Amino acid sequence: MVRVNSMKKKCVLRIVQILIMIMIIRKDVIVVSSVSCIYGLGAPDEYIKGSVKVNVGESLDRRKLLSDLVHIHYSRNDQVLERGNVRVLGDIIEIFPSNEEKRAVRISLWGNEIEEIKIIDPFRGKVLGRVNEIVIFPASHYVTSEDKLRRAIEGIREELKERVEYFKKQGLYQYAER
């Protein structure tokens, strides 16, 4: 039962992620749903800000690209290319977007320049097409900017100090220590 519910949740989350991407790319789409309320999805503007765009011919800092992908919840796995993973093989970076099922992205570098962007079959490695630019959307909708995260952490620390002080005033030192 737990496995079935987990699979259903993953499927629903993938569908929601695809819908978010479609709403960002196309302006003629309206989605009527309360799923984002049920699942407490992050803010759409944070999701958009988290996306990574690359263009053929563009100069690229490989470390920064990988760091940006990890920041938007992609996992680096140089062995297996699965949804939500990024794999690096020499001058080739392969990304399997979490909103895709049958297409991944292969970025070929020549030094620090993007030489080619291919759409590939992630299971066979077969080239399905070539594009001049690609936008990689976050692997999760729970993407938060550094600034927002920093403010949240500061708020949590301040609240912690208040609670510790409260427990000490009440003589509940064991709660204050927790």
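Computed from a predicted model, the values in this text were never measured in an experiment.

A look at helix H4 (residues 62-71)
Given 3.6 residues per turn, any residue in an α-helix points the same way as the ones three and four places further on.
No. 1: Every buried residue of H4 is accounted for by Leu65, Leu66 and Leu69. Each buried residue of H4 sits inside an arc of 95 degrees when the element is viewed along its axis, so together they form one side.
No. 2: In the core, the buried residues of H4 are packed alongside strand S1 (52-55), strand S2 (75-76), strand S3 (85-89), strand S4 (92-96), strand S5 (104-110) and strand S8 (133-136).
No. 3: Residue His73 follows H4 closely and has a positive phi angle near 75 degrees.

Remarks on the side chain of Glu94
No. 1: Looking at the element boundaries, Glu94 is found in strand S4.
No. 2: Since its relative accessible area comes to 2%, Glu94 is described here as buried.
No. 3: In terms of polar contacts, Glu94 uses its side chain to reach the side chain of Arg87, at 2.6 Å.
No. 4: A polar atom in the side chain of Glu94 sits 2.7 Å from the side chain of Arg106.
No. 5: The contacts of Glu94, once residues within four sequence positions are left out, are Leu81, Asn85, Val86, Arg87, Leu89, Val105, Arg106 and Ile120.

A short note on the pattern of salt bridges
No. 1: What the rule picks out here adds up to 11 salt bridges.
No. 2: The salt bridge partner of Arg130 is Glu116, with a shortest N-O separation of 2.7 Å. Of the two residues, Arg130 is situated in strand S7 (residues 127-131) and Glu116 in strand S6 (residues 113-120); the sequence distance between them amounts to 14 residues.
No. 3: Judged by its relative accessible area of 56%, Arg130 is exposed.
No. 4: A residue is classified by how much of its surface remains accessible, and Glu116, at 23% relative accessible area, is partly exposed.
No. 5: Each member of the salt-bridge network shares a partner with another, and the members are Arg87, Glu94 and Arg106.

Quick notes on the environment of Arg87
No. 1: As for its placement among the helices and strands, Arg87 is situated in strand S3.
No. 2: In this structure, the C-alpha to C-alpha distance between Arg87 and Arg106, residues 19 residues apart in sequence, is 9.4 Å.
No. 3: At 3.4 Å, the side chain of Arg87 and the backbone oxygen of Gln79 are in polar contact.

Examining the nonpolar core
No. 1: Counting residues in hydrophobic clusters, the biggest one holds 22 residues, and the most contacted among them are Val54, Leu69, Ile93, Ile95 and Ile107.
No. 2: Listing elements by their share of this core, those giving two or more residues are S1, H4, S3, S4, S5, S6 and S8.
No. 3: Excluding residues that lie within four positions of it along the chain, Leu69 makes contacts with Val52, Tyr74, Val86, Ile95 and Ile136.
No. 4: Val16, Ile20, Met21 and Phe137 belong to the second largest nonpolar core, which has five residues in total.

Considerations on the environment of Phe137
No. 1: Mapped onto the elements of the fold, Phe137 is located in the loop between S8 and helix H5 (146-169).
No. 2: Here Phe137 falls in the buried class, since its relative accessible area comes to 5%.
No. 3: With 65 residues separating them along the chain, Phe137 and Ile72 place their C-alpha atoms 8.0 Å apart.
No. 4: Beyond its immediate sequence surroundings of up to four residues, Phe137 is in contact with Met21, Ile24, Ile25, Tyr47, Ser51, Ile72 and Tyr74.

Calculation notes
Residues numbered from 1 in each chain as written. Predicted model: local features only at pLDDT ≥ 70, side-chain atom pairs only at ≥ 80, totals over all residues. Heavy atoms only, no water. Buried < 20%, exposed > 50% of the residue type's maximum accessible area, 1.4 Å probe, protein only. Helix = DSSP H or I, 4+ residues; strand = E, 2+ residues; numbered from the N terminus. Arc of directions from axis to C-beta. Contact = heavy atoms within 4.5 Å. Polar contact = N/O pair within 3.5 Å; in protein donor to acceptor, adjacent residues only side chain to side chain. Salt bridge = Lys/Arg side-chain N within 4 Å of Asp/Glu carboxyl O. Core = buried A, V, L, I, M, F, W, Y, C linked by side-chain atoms within 4.5 Å.

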